[in-house]
Each structure stands twice: as structure tokens, then as C-alpha cells.
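Commentary on secondary and tertiary structure
Here is what each chain is made of, one letter per residue.
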Amino acid sequence: MEKSRAYTLSVESVYEILSGAQSDCELSRELLSMFLDLPHSNEYVCFLLSEVYWTSYSAIRILEREIDTAVFNEKDEFLMAEDSLQILQSLMISKHSAASELKNLSISLQKN
């Protein structure tokens, strides 16, 4: 049986990722609600907004779990299990892809 590796992340980066995910989650939910209320909503845009919402929400849950059960190294960095980090990376890649496609459709996830 192979041992799982642990990776380190700075406390600042963990909270930066968490803050970004919370912001994207809120904004994508607001935009999705707005697009679903339109008489002729674009299903592809709704799908992309749902993807951003789901990936952000999932990242928040993973990060909150990691924060609640935080293990630190001697440099006060978070130790994160390899599987958690891989899931988080996959979520961030999916979110970035959906957000990029939304940007190509002239829909921004940036707050004004």
C-alpha cells in the first residue's frame, strides 16, 4: 500500500484561494439566478455559471475542512494530503476553464 504524500501551502495562499472561491460562488449564483429568470436564457451560459458555482462551492468545502483539521509544519504552513490537493487543483482548473469561456462570451465574474 502506497503512502499518501503531504504538500505544504502557506496560510496566506489558503485564505486567498478561499476568498476567491467565496467571491466566485456568490457572483456566479447571482448571475445564474439572473440568467434563469430571462424568458430565453442561454443554456450554455447557465451551464458555465453552474460549473463555476459548483467548483467554487466544492473548493470552499474542501478548504474549510482543511482549515478545521489543520496540521502545520515547522514553518507554520498548512500540510495538505495529496488527494485533497489533487481534487482542489482539478476544481480550480475546471472553474478557470468555465470562467474563461464565460469571458469569451463577454460575461465577467469580476465585481464592479
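Before any of the text, the structure's been laid out above.
The following refers to the structure shown. Predicted, not measured: the structure shown is a model, and the values here were computed from it.

Right, let's get into the packing of helix H1 (residues 11-37) against helix H2 (residues 43-68). Close contact between H1 and H2 brings their axes to 8 Å; oriented N to C, the two are set at 150 degrees. Between H1 and H2, the interaxial angle falls into the category roughly antiparallel. Here H1 and H2 pass one another in a crossing that is left-handed. Class assignment of the residues belonging to the contact of H1 with H2 gives a composition of 20 nonpolar, four polar and three charged.

Below, the discussion takes up a nonpolar patch on the surface. There is a patch of nonpolar side chains on the surface, built from Tyr44, Phe47 and Leu105 and spanning about 290 Å² of accessible area. Here Phe47 shows up in helix H2. Taking relative accessible area as the criterion, Phe47 reaches 48% and is therefore assigned partly exposed.

What follows concerns the nonpolar core. In this structure, Leu9, Val14, Ala59, Ile60, Leu63, Met80 and Leu88 are the most contacted members of the largest nonpolar core, which totals 14 residues. Secondary structure elements with two or more residues in this core: H1, H2, strand E2 (78-81) and helix H3 (82-104). The contact partners of Met80, leaving out residues within four places of it in the chain, are Arg5, Ala6, Tyr7, Leu9, Leu63, Glu66, Leu85 and Leu88. Residues Leu32, Phe35, Val45 and Val52 belong to the second largest nonpolar core, which totals 13 residues.

Before going further, it helps to examine the side chain of Glu82. Here Glu82 shows up in helix H3. No salt bridge is formed by the buried Glu82; the nearest opposite charge belongs to Arg5, separated by 4.6 Å. Those residues within four positions of Glu82 in sequence are excluded, and the remaining contacts are Ser4, Arg5 and Tyr7.

With respect to the element layout, Asp24 can be found in helix H1. On the basis of relative accessible area, Asp24 is assigned to the buried category, the value being 18%. For Asp24, the residues in contact, after removing those within four places along its chain, are Val52, Ser56, Lys95 and Leu109.

Cut-off values and rules
Residues numbered from 1 in each chain as written. Predicted model: local features only at pLDDT ≥ 70, side-chain atom pairs only at ≥ 80, totals over all residues. Heavy atoms only, no water. Axes fitted to C-alpha atoms, helices over the stretch in contact; angles between N-to-C directions. Helix = DSSP H or I, 4+ residues; strand = E, 2+ residues; numbered from the N terminus. Parallel < 35°, antiparallel > 145°, perpendicular 65-115°, else oblique. Left-handed = near helix turned anticlockwise from the far one by under 90°. Nonpolar A, V, L, I, M, F, W, Y, C, P; charged D, E, K, R; others polar. Patch = residues over 30% accessible without salt bridge, like charges linked within 9 Å, V, L, I, M, F, W, Y side chains within 5 Å. Areas by Shrake-Rupley, 256 points an atom, 1.4 Å probe, with all protein chains shown as cover. Salt bridge = Lys/Arg side-chain N within 4 Å of Asp/Glu carboxyl O. Buried < 20%, exposed > 50% of the residue type's maximum accessible area, 1.4 Å probe, protein only. Core = buried A, V, L, I, M, F, W, Y, C linked by side-chain atoms within 4.5 Å. Contact = heavy atoms within 4.5 Å. Lys, Arg positive; Asp, Glu negative; His and termini not counted.

Taken by themselves, the reported measurements are silent on function.
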